[in-house]
There are 2 protein chains.
Amino acid sequence: MIKKQLIMEKALELFAKQGFEATSVQQITDHCGISKGAFYLSFKSKDELILSLIDYFMTQFISDIDYQVRNVNNEGLLFKYYHTTFQSFVQHSDFAKILMNEQAQTFNNKELIEKLHIYDRLLDKVTLTMVERLYGDEIIHTKYDLVYCIKGLMNNYSKLILFYNNSLDLKLLSESLVEKTNLLAKHATIAFISEDIIHAIEQPNLEVITKEQLLEMITQKKNEMEESIEKESLILLEQQLLEPTLSPAIVKGLIENIRNHPHCKWISYLLRNYFDL
Amino acid sequence: MIKKQLIMEKALELFAKQGFEATSVQQITDHCGISKGAFYLSFKSKDELILSLIDYFMTQFISDIDYQVRNVNNEGLLFKYYHTTFQSFVQHSDFAKILMNEQAQTFNNKELIEKLHIYDRLLDKVTLTMVERLYGDEIIHTKYDLVYCIKGLMNNYSKLILFYNNSLDLKLLSESLVEKTNLLAKHATIAFISEDIIHAIEQPNLEVITKEQLLEMITQKKNEMEESIEKESLILLEQQLLEPTLSPAIVKGLIENIRNHPHCKWISYLLRNYFDL
DNA sequence: TATACTAATGACTAATCGGTCAATTGTCAA
DNA sequence: TTGACAATTGACCGATTAGTCATTAGTATA
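In this text, all values refer to a predicted model and were calculated from it rather than measured experimentally.

**Student:** Could you give an account of helix 5 (residues 77-91) of chain A, with specific residues and numbers?
**Tutor:** Residues and elements named next belong to chain A. If you check helix 5, its first and last C-alpha atoms are 21 Å apart, about what 15 residues at 1.5 Å a residue would give, namely 21 Å. Those residues of helix 5 that sit buried are Leu77, Leu78, Tyr81, Tyr82, His83, Thr84, Thr85, Phe86, Ser88 and Phe89. Contacts from the buried residues of helix 5 go to helix 4 (46-71), helix 6 (93-101), helix 7 (110-135), helix 8 (143-163) and helix 9 (170-187).

Next up, the structure:
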């Protein structure tokens, strides 16, 4: 398990520098100081590695943003949304670079492309929730279009952050985008992206996660964790899933406990959704 | 020369479908119905091929946009700018796909990355010119930021056009973006991209083209062209370069004559810049 | 027809890749 | 110390690649 972490870290560096295809397994193992065979003890294939990386970072990223959108009051939410996103990009800039460079069809792995697509839509969903909360009915006809604009602006400025990350002023950038978003939300009338187009794009629905899947994930995570408040909280949440006895306030507190554990961010996100908190 | 065209066309299709790296020279030659050896009679390497494709399309693309910006009056210019761009994208969607997918570091060819960067900046320059003409002094502090927003929005919507190009309404899309651009131009006050940042990014200056380079290009193009009005115009423009005798109006007319010839678009763009028309 | 030339071919090379597996090393209970 | 088992190694395999070049096919001239 430690070995797996090592490989992921070192591979991330190389992928960010050279791209996924251009980095060989040999290079990765050299960089780790292990043999090629050892690599295949931790990962079934090179594809499984990049897949793990995507999962590892995207789940954390979406969980963080979703938490902000759910728990910051409207005043300042938009700023927090942008600022959190850009901070995450800077913090995990190696991963962000991979995501930028390998945007679309570069991978010849269908599973991976679908995965990226799903995370992309989850992010859209979070943004949509925020936009609805912030502007309510006044943007009912333009909300999908607004989400798309936010995404476009953010993508573009993110590129700047990654390639010239000599300490850009993320606060100013976020403020600038807050102003722009408000302008577009309050005055734009001609929407290009309608609900129809969104539905046409989203073809297969996002699968709803079942209780059983949640329980299975929790069981797995428990084994990976050392004894701690987080693990204890997770066990209590597991019991709550099997037999609801605790009050919403307690459940919310338990989820809060595990929120910042890197391995639990995704579960905390899923639980928030499941318990509708 | 015909062979070169054939290879470029067929390769374009394959690159759009599978990506550059994933397409082998063998596949290209099979698709053309020629041998692998024949490929290397037309191109020194696979890299030279993609390089030629980038040049061929980007020069046309930038020339077209630049022409619109220079020759359409302010009323309706913004719409024309967006509409022309999106139409070009649809018309050359195979090339646009390559450009989208292979965005950045995918190519391990420095020359190519630099080339893309240069075209990118040329496009920014055209957009900046337009923005300055449209809004004048009122956006003097926000113009670079505005250009960057326009780019971000356009990039994002372009993706949509390419991947779901089932006859989207380009007119509506353009109108929608016109409205948004006007909103941002007239009401946004907090600019993130300042002139300083632009200068920091643009490191090496865009080289100014010399008269000698222009003459050389014209000589080369003349040999590739059959007898026509376009060729005759080109010869007259060549003489004008060597010894200015014609009035600006005539020069402008001559440039107009060659504007729509696929092989002359770039030269017409360069000449417009050179004669400052 | 014979000659000289160019255009085109495709078998070949050398390199690199992801992935495998027999052999080796390390570990720990008896 | 021994022996059984797990962890680790790296030489090796088959597949694929860009690029080469001796050979052949096609064509124009004398």
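Once you've had a look at it, read on.
**Student:** Residues and numbers for the domain arrangement of chain A, please.
**Tutor:** Per the domain assignment, the segments making up chain A are domain 1 (1-43), domain 2 (46-201) and domain 3 (211-274). Taking only C-alpha atoms into account, the centre of domain 1 of chain A sits 31 Å from that of domain 3 of chain A.

**Student:** Just give me the short version of the protein's contact with DNA strand C, but keep the residues and values in it.
**Tutor:** Residues in contact with DNA strand C amount to 14 residues; listed here are only the nearest, Val25, Lys36, Tyr40 and Lys46 of chain A together with Ser35 of chain B. Per the 4 Å cut-off to the protein, sugar and phosphate atoms form 55% of the nearby atoms of DNA strand C. Lys36 of chain A places a side-chain nitrogen or oxygen 2.5 Å from a base oxygen of DNA strand C. Within the side chain of Lys46 of chain A, a nitrogen or oxygen atom sits 2.7 Å from a phosphate oxygen of DNA strand C.

**Student:** Kindly report on the pattern of salt bridges, identifying the contributing residues and their values.
**Tutor:** On inspection of all chains with the given rule, the structure shows 18 salt bridges over all chains. Note that Lys151 of chain A is salt-bridged to Asp124 of chain A, the shortest N-O span being 3.2 Å. Here Asp124 of chain A lies in helix 7 and Lys151 of chain A lies in helix 8, a separation of 27 residues in the sequence. There is no split in this pair, since Lys151 of chain A and Asp124 of chain A are both buried. Residue Arg70 of chain B is joined to Asp66 of chain B by a salt bridge in which the shortest nitrogen-to-oxygen separation is 2.9 Å.

**Student:** Tell me about the interface of chain A and chain B, and name the residues and values.
**Tutor:** At the interface, 39 residues of chain A touch 39 residues of chain B. For the pair chain A and chain B, the summed buried area comes to about 3800 Å², and 64% of that belongs to carbon and sulfur atoms. Ranking the residues of chain A by area buried against chain B places Tyr148, Ile190 and Phe192 of chain A at the top, with a combined share of 18%. Our count for the contact surface shared by chain A and chain B stands at two salt bridges. Ionic pairing is found between Asp145 of chain A and Lys180 of chain B, a salt bridge with its closest N-O pair at 2.2 Å. Linking chain A to chain B there are twelve residue pairs in polar contact (both at pLDDT 80 or more). Looking at the side of chain A that touches chain B, the elements with two or more residues in it are helix 8, helix 9 and helix 10 (195-201) of chain A. Tallying contributions element by element places helix 8 of chain A first for the side of chain A that touches chain B, with twelve residues.

Calculation rules
Sequence positions are assigned chain by chain, starting from 1 and proceeding in written order. Chain letters and ligand numbers both follow the written order, the letters beginning at A and the numbers at 1. Local features in a predicted model are, by the rule used here, given only for residues with pLDDT of at least 70; side-chain atom pairs are given and counted only at 80 or more, and totals for whole chains, interfaces and linings are based on all residues. Excluding hydrogens and water, the side-chain values take into account all heavy atoms of the structure. What counts as a helix is a DSSP run of H or I of at least four residues, what counts as a strand is a run of E of at least two, and both are numbered from the N terminus. To estimate how far a helix should reach, multiply one less than its number of residues by 1.5 Å. Classification of residues uses two cut-offs on accessible area relative to the type maximum, computed with a 1.4 Å probe and protein chains only: under 20% is buried, over 50% is exposed, and between them is partly exposed. Whether two residues are in contact is decided by their heavy atoms: any pair within 4.5 Å suffices. Reported domain spans reflect what an automatic or database domain assignment gives. Nearness here has a simple test: a residue counts as near a molecule or strand if at least one of its heavy atoms is within 4 Å of that partner. In the analysis that follows, any N or O atom pair within 3.5 Å is treated as a polar contact, provided that within protein one partner can donate a hydrogen and the other can accept it, and provided that, for residues neighboring in sequence, both atoms belong to side chains. Should a side-chain nitrogen of Lys or Arg be within 4 Å of a carboxyl oxygen of Asp or Glu, the pair is scored as a salt bridge. We define buried area as the total accessible area lost by two parts upon association, computed with a 1.4 Å probe and summed across both.

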